[in-house]
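# Coordinate inspection notes
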Amino acid sequence: MLTMVLLVARNSSLYLAATDLYLGLSGGVPATLKKEGSISVHARDFLERIRQMPDGDLVLTSSGNAAKLTLKSPGSPRRFTLSGQPGAEFPAMIEPSHD
């Protein structure tokens, strides 16, 4: 089971990576960024909260040094805050070879 997900805001994109140290997945989506940064949160908690949000845009805000991630949908009172770890503590992922 993929236990943690890394979120990296960089270059007008939100990149996500998840690993259980045997299996890894990564990808990115275009995003409007106010600030670049990274945080890792528990994958199950993140997915459950995303599923509970209404369809449409999401605003993700990280509190920086406190390692907290807040998810909010514009126009909705629903808001979730997840505890996490600094993105730098996420294990490095090995890129597959293209042999």
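Everything below is about the structure printed above this text.
Report follows, based on the coordinates. Throughout, residues of each chain are indexed from 1 in the direction in which the sequence is written. A pLDDT threshold of at least 70 governs which residues receive local features in this predicted model, and a stricter bar of 80 or more applies before side-chain atom pairs are shown or counted, although totals over entire chains, interfaces and linings include all residues. The basis for every side-chain value is the complete set of non-hydrogen atoms in the structure, without hydrogens or water.

## So, the pattern of salt bridges
We count it as follows: Every case where a carboxyl oxygen of Asp or Glu lies within 4 Å of a side-chain nitrogen of Lys or Arg is listed as a salt bridge. The buried label applies to any residue whose accessible area, calculated with a 1.4 Å probe on protein chains only, is under 20% of its type's maximum; exposed applies above 50%, and partly exposed to all values in between.
With the rule as written, the count across this model stands at one salt bridge. Residues R49 and E48 are paired through a salt bridge, measuring 3.5 Å at the closest nitrogen-oxygen approach. On the accessibility criterion, R49 (22% relative accessible area) is partly exposed.

## Points about the layout of surface pockets
So the rule is basically this: With a 1 Å grid laid over protein atoms only, a set of points is called a cavity when a 1.4 Å probe fits there but cannot get out and a pocket when it is open yet has protein on both sides within 12 Å along at least five of seven lines; lining residues have an atom within 4 Å of a point. Grid points are joined across faces, edges and corners, and a volume is the space filled by probe spheres set on the points. Helix and strand assignments follow DSSP, with helices taken as H or I runs no shorter than four residues and strands as E runs no shorter than two, numbered in order from the N terminus. Under the scheme applied, nonpolar residues are Ala, Val, Leu, Ile, Met, Phe, Trp, Tyr, Cys and Pro; charged residues are Asp, Glu, Lys and Arg; polar residues are all the others, including Gly.
What the largest pocket holds in volume is close to 950 Å³. Lining of the largest pocket is provided by 29 residues; of these, A9, T32, L33, L60 and T61 occupy positions nearest its centre. Among the elements of the structure, strand 1 (4-10), strand 2 (13-19), strand 3 (24-30), strand 4 (37-42), helix 1 (43-52) and strand 5 (59-62) are those that each provide at least two residues to the lining of the largest pocket. The leading source of residues in the lining of the largest pocket is strand 5, at four residues. Residues belonging to the lining of the largest pocket are distributed by class as follows: 18 nonpolar, seven polar and four charged.

## Examining the nonpolar core
Basically, it comes down to this: Each nonpolar core is a collection of buried residues, namely Ala, Val, Leu, Ile, Met, Phe, Trp, Tyr and Cys, held together in the definition by side-chain atoms within 4.5 Å.
Ranked by size, the top nonpolar core spans ten residues in total: V5, L7, L14, I39, V41, A43, F46, L69, L71 and L82. Going through the elements one at a time, strand 1, strand 4, helix 1 and strand 6 (68-72) are the ones with two or more residues in this core. Within the second largest apolar cluster, five residues are counted, among which are M4, V8, A17 and F90.

## Remarks on a nonpolar patch on the surface
Applied cut-off: A residue counts toward a patch only above 30% relative accessible area and without a salt bridge, and it is joined to like-charged neighbours within 9 Å or, for Val, Leu, Ile, Met, Phe, Trp and Tyr, to nonpolar neighbours within 5 Å. Per-residue accessibility takes into account occlusion by the displayed protein chains alone, with areas from the Shrake-Rupley method and a 1.4 Å probe.
A surface patch of nonpolar side chains, about 440 Å² in accessible area, is lined by L21, Y22 and L23. Relative to the assigned elements, L21 resides in the loop between strand 2 and strand 3. Residue classification places L21 among the exposed residues on the basis of a relative accessible area of 66%.

## Digging into the pairing of strand 6
So the rule is basically this: One bridge is not enough; two strands pair if DSSP finds at least two bridges between them.
Taken together, the four bridges between strand 5 and strand 6 define a ladder with antiparallel strand orientation. Counted as the bridge partner of V59 is K72 from strand 6. With five bridges joining them, strand 6 and strand 7 (residues 79-86) adopt antiparallel strand pairing. Counterpart to T70 in the pairing with strand 7 is T81.

## Considerations on the side chain of T19
The cut-off we apply is this: Residues adjacent in sequence count toward polar contacts only when both atoms are side-chain atoms; beyond that, a polar contact is any pair of N or O atoms within 3.5 Å, and within protein one must be able to donate a hydrogen and the other to accept it.
For T19, the position within the fold is in strand 2. Only 3.1 Å separates the side chain of T19 from the backbone oxygen of L23, close enough to count as a polar contact.

## A look at unusual backbone geometry
Positioned with a positive phi, N11 is a non-glycine residue whose angle comes to about 55°. By the secondary structure assignment, N11 is in the loop between strand 1 and strand 2. In this model, S12 sits at a positive phi of 60°, which is unusual for a non-glycine residue.

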